[in-house]
Amino acid sequence: MLFGVSVGVPVCVLVGVLVLVVVFVGVCVLVGVLVLVGVLVLVGVLVLVDVIVFVGVLVGVLVLVVVFVGVLVGVVVLV
């Protein structure tokens, strides 16, 4: 009886500790993956916004150039 208790208790404690370690590691990995995914999504959104702004500026500049050329042509034609 005593032998069973003296073996059973440490085994239970050991199993409990192992389960805790596995759960802790699992949670850490999950949090790590979530953070990584979050950072990647954030970077992706920032890059997307940058690209949209860049394209917008490019289109704006092109429109300005077209208007400027149009005005120049108009002035030349008038003169």
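Refer to the structure presented above.
So, how was this worked out
- Residues numbered from 1 in each chain as written.
- Predicted model: local features only at pLDDT ≥ 70, side-chain atom pairs only at ≥ 80, totals over all residues.
- Heavy atoms only, no water.
- Helix = DSSP H or I, 4+ residues; strand = E, 2+ residues; numbered from the N terminus.
- Rg over C-alpha atoms; globule rule 2.2 N^0.38 Å.
- Buried < 20%, exposed > 50% of the residue type's maximum accessible area, 1.4 Å probe, protein only.
- Areas by Shrake-Rupley, 256 points an atom, 1.4 Å probe, with all protein chains shown as cover.

Draft legend 1. Structural detail: the overall build of the chain. Regarding its fold elements, the chain presents 1 helix and 0 strands. Relative to the compact-globule value of 12 Å for 79 residues, the chain shows a C-alpha radius of gyration of 34 Å, a clear excess of over 25%. By its C-alpha atoms, the chain is 115 × 5 × 5 Å across when sized along the principal axes. Scored against the burial criterion, the 79 residues of the chain give a buried share of 0%. Total accessible area computed for the chain in this model is approximately 6,900 Å², and 93% of it derives from carbon and sulfur atoms.

Draft legend 2. Looking closely at the environment of V63. Counting through the fold element by element, V63 comes out in helix α1 (residues 2–78). Residue V63 is classed as partly exposed on the basis of its relative accessible area, which comes to 46%. Separated by 53 residues in the primary sequence, V63 and P10 place their C-alpha atoms 78 Å from one another.

Draft legend 3. Here's a closer look at the environment of L14. In this fold, L14 is placed in helix α1. Exposure remark for L14: the relative accessible area of 54% places this residue in the exposed category. Between the C-alpha atoms of L14 and G70, which are 56 residues apart in sequence, the distance is 83 Å.

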